[in-house]
Amino acid sequence: MCYAIPGKVISIDSKTVTMDYFGEARKAIFVTGSYEVGDYVYAQGGIVVSKLSEEDAIPILKMWEKQFFELKARDAILSEQSKFESPISPIIKRAEKDETLSRNEMLAILSVEGKDLELLFQGANRIRKNKLDNACCVHGILEFSNYCQNNCLYCGIRSGNANIKRYRMNETQILEAVDHSVSLGFKALVLQSGEDPFYSDEMLIALVKKIREKHGILLFMSIGERSKDCYKKLFDAGAYGALLRFETSNDLLYEKMRPGRKRIDRINLIRDLIEIGFIVATGFLIGLPGQSKDDLINDILLTKSLKPDMYSFGPLIPHPETPLSSIQTPSLDDALKAIALTRLVDPESKILVTSALETLSPDAKKKGLMAGGNSLMINTTPKAYSTSYDLYPGKSTERPITETIKNTIELLYSLGRAPTDLGVTNDR
Ligand code: SF4
């Protein structure tokens, strides 16, 4: 978003550039175009998305320089070591040394209560700071259709929900909404829909081409299951990101929650996306009925084993028009514990603080960022549609997007988080 700092290319190796952010080096991949040492670029999610002229870059860097070091100092203060010790202190120390935690240690982390919780969140936040510094990415998300052919038990836009106003944006409407999102400063945008076959592969590919001809942004597709061939064409058209959660690592639970679907097909598709070259965000739901702490640990470990570029997981907020309407909403602490454990298990990961988590409490976004999270998404769907993309209660707000952006920037400033790219952390 408008909260973005360009990096200066200081070295190039095959398809990877190393960028300098005021003395801090980060790597990013470039899929197309050519770059030279000395170029100024914007990167998002570890992908170079656009080049700037020196004339444009220098004033932006001058504007940021003083603030960049102030943000780092603030993050360092907020990440300081706690003096307080508890039974989980040795586990946090082992994670800080990149040691692999045992399952019993992970269970202990998920069972933390009371004053030890603060110690856990502080530890996870410190690991985030030590591994990835204060970089924090903010992506936009544009929901272009709430039709879905599936009937997942946990989802408000499931095909079986007759009490929802359905909408599909046409190509012109989507392009206008993308233009608007870019004009607000977003440099990474997720195009999301239910699994909606109304949009043929060809329509989506043409849409991606039109967007990428006009905008130097990282475009994520979040459109559910399509063929590998379709995804390859979307990648070639210029969509370099894909968001596809596997929802649960438990086969039986998966088949119960997603009737007619097999978990293995989902996992294989996620692997295909990574093989194609996509920046992949994936993860799971917290609070599925029957999900045990062991399942949650398996969810985190499965996500890690897939080597995604970003973890995307959040609490299941029960929707009144679904078969899961009466289940209990996970507590904010349980959701934060999952973020903190993920940070301990995969210290260099990018962890999204999801909008579902934000519905649990007015300060959930801040707490997620202070428990190990380092990425955010802001909904840029036009207000005429966003209330109908009713995945779970409390998702939409009447707040104007400009106000959400302003509040988010203020929050990131207050936490000392900088809009430098998080860079590539996985081996590619
Ligand atoms: S979770 Fe996804 S695939 Fe399932 S019903 Fe909702 S939008 Fe459709």
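Residues numbered from 1 in each chain as written. Predicted model: local features only at pLDDT ≥ 70, side-chain atom pairs only at ≥ 80, totals over all residues. Heavy atoms only, no water.

(A) Inspection of the overall build of the chain at higher detail. Summing up its helical and strand segments, the chain has 15 helices and 15 strands in all. Over its C-alpha trace the chain gives a radius of gyration of 21 Å, about what one expects of a compact globule, namely 22 Å for 428 residues. Seen along its three principal axes, the alpha-carbon backbone of the chain occupies a region of about 55 × 55 × 40 Å. Counting the 428 residues in the chain, one finds 58% classified as buried. Considering only contacts in the chain between residues 6 or more positions apart, those separated by 24 or more positions represent 74%. Entry remark: accessible area of the chain is about 17,200 Å², with carbon and sulfur atoms responsible for 51%. (Helix = DSSP H or I, 4+ residues; strand = E, 2+ residues; numbered from the N terminus. Rg over C-alpha atoms; globule rule 2.2 N^0.38 Å. Buried < 20%, exposed > 50% of the residue type's maximum accessible area, 1.4 Å probe, protein only. Contact = heavy atoms within 4.5 Å. Areas by Shrake-Rupley, 256 points an atom, 1.4 Å probe, with all protein chains shown as cover.)

(B) Fine view of the site of the ligand. The full set of residues close to the ligand is Cys148, Asn150, Cys152, Tyr154, Cys155, Ile157, Arg158, Gly194 and Arg258. Partitioned by chemical class, the residues of the shell around the ligand number five nonpolar, two polar and two charged. (Near = heavy atom within 4 Å. Nonpolar A, V, L, I, M, F, W, Y, C, P; charged D, E, K, R; others polar.)

(C) The arrangement of the packing of aromatic side chains in detail. Taken as a whole and assessed by the stated rule, the structure comprises 13 aromatic pairs. Seen from their ring centres, Phe144 and Tyr199 are 5.0 Å apart, and the 85° between their planes marks the pair as edge-to-face. Of the two residues, Phe144 is situated in strand E6 (residues 137-145) and Tyr199 in the loop between strand E7 (188-193) and helix H6 (201-214); the sequence distance between them amounts to 55 residues. The exposure class of Tyr199 is buried, given its relative accessible area of 4%. For the pair Phe284 and Phe313, a centre-to-centre distance of 4.6 Å together with 5° between the ring planes defines the contact as stacked. Of this pair, Phe284 sits in the loop between strand E10 (279-282) and strand E11 (285-286) while Phe313 sits in the loop between strand E12 (310-311) and strand E13 (314-315), and the two are 29 residues apart along the sequence. (Phe/Tyr/Trp six-rings, centres within 6.5 Å; stacked < 30°, edge-to-face > 60°.)

(D) Here's a closer look at the layout of surface pockets. Quantified by volume, the second largest pocket comes out at close to 270 Å³. Lining the second largest pocket are 14 residues, with Ile286, Gly287, Gln291, Leu296 and Asp334 positioned closest to its centre. Counting residues per element, the ones that place at least two in the lining of the second largest pocket are helix H10 (293-306) and helix H11 (332-345). Across the lining of the second largest pocket, the residue classes tally to five nonpolar, six polar and three charged. (1 Å grid on protein atoms, 1.4 Å probe; cavity = no way out; pocket = protein on both sides within 12 Å on 5 of 7 lines; lining within 4 Å. Points joined across faces, edges and corners; volume = space filled by probe spheres on them.)

(E) Expanded view of the pattern of salt bridges. Scanning the entire structure with this criterion turns up 32 salt bridges. A salt bridge links Lys337 to Asp334, with the nearest nitrogen and oxygen atoms 3.4 Å apart. Placement of both Lys337 and Asp334 in helix H11 is noted, with a separation of three residues, approximately one turn of the helix. The salt bridge partner of Asp363 is Lys367, with a shortest N-O separation of 3.8 Å. (Salt bridge = Lys/Arg side-chain N within 4 Å of Asp/Glu carboxyl O.)

(F) Examining the environment of Asn298 more closely. Within the element layout of this structure, Asn298 appears in helix H10. Separated by 50 residues in the primary sequence, Asn298 and Thr248 place their C-alpha atoms 8.6 Å from one another. The residues touching Asn298, leaving out its near neighbours within four places in the chain, are Arg103 and Ser249. A polar atom in the side chain of Asn298 sits 2.5 Å from the side chain of Arg103. (Polar contact = N/O pair within 3.5 Å; in protein donor to acceptor, adjacent residues only side chain to side chain.)

(G) Representation of unusual backbone geometry in the model. With a phi close to 55°, Ser14 is a non-glycine residue in the positive phi region. Structurally, the position occupied by Ser14 is in the loop between strand E1 (7-13) and strand E2 (16-21). Of the residues examined, Ser14 reaches a relative accessible area of 64% and is grouped as exposed. Its identity as a non-glycine residue notwithstanding, Glu247 has a phi of 70°, on the positive side.

(H) Region of the structure containing the side chain of Gln291. With respect to the element layout, Gln291 can be found in the loop between E11 and H10. Judged by its relative accessible area of 17%, Gln291 falls in the buried class. For Gln291, the side chain forms a polar contact with the main-chain oxygen of Leu285, separated by 2.9 Å. Residue contacts for Gln291: discarding those within four places in its chain leaves Leu253, Leu285, Ile286, Leu296 and Asp299.

(I) Up close: helix H2 (residues 89-96). Those residues of H2 that sit buried are Ser89, Ile91, Ile92 and Ala95. With its buried residues spanning 160° around the axis, H2 presents them on a single face. On its buried side, H2 packs onto helix H3 (103-110), helix H4 (116-132) and H11. (Arc of directions from axis to C-beta.)

(J) Molecular detail of the packing of helix H7 (residues 228-237) against helix H9 (residues 263-276). Packing of H7 against H9 leaves a shortest axis separation of 10 Å and a crossing angle of 30°. As the angle between them shows, H7 and H9 are arranged roughly parallel. Regarding H7 and H9, the two cross each other, and that crossing is right-handed. Along the contact surface, H7 presents Lys228, Tyr231, Lys232 and Phe235, while H9 presents Leu269, Asp272, Leu273, Glu275 and Ile276. Considering only residue class, the contact of H7 with H9 consists of five nonpolar, no polar and four charged. (Axes fitted to C-alpha atoms, helices over the stretch in contact; angles between N-to-C directions. Parallel < 35°, antiparallel > 145°, perpendicular 65-115°, else oblique. Left-handed = near helix turned anticlockwise from the far one by under 90°.)

(K) Representation of the sheet that holds strand E9 (residues 241-243) within the structure. In space, the eight strands of this open sheet follow the order E12-E10-E9-E8-E7-E6-E15-E14, with parallel pairing throughout. In the strand order of this sheet, the two ends are held by E12 and strand E14 (352-353), each with one partner. Lying over the sheet, helix H15 (residues 401-415) contacts E6 and strand E15 (375-379), oriented at roughly 165° with respect to E15. (Pairing = 2+ DSSP bridges.)

(L) Fine view of the nonpolar core. Core analysis: the largest hydrophobic core is formed by 138 residues, its most contacted members being Tyr154, Ile174, Leu191, Tyr231, Leu234 and Leu344. If one sorts the elements of this core by residue count, H11 sits on top with nine residues. When residues of this core are assigned to domains, at least three map to each of domain 1 (7-77) and domain 2 (131-415). (Core = buried A, V, L, I, M, F, W, Y, C linked by side-chain atoms within 4.5 Å. Domains from an automatic or database assignment.)

In short, shape yes, function no, at least from these values alone.
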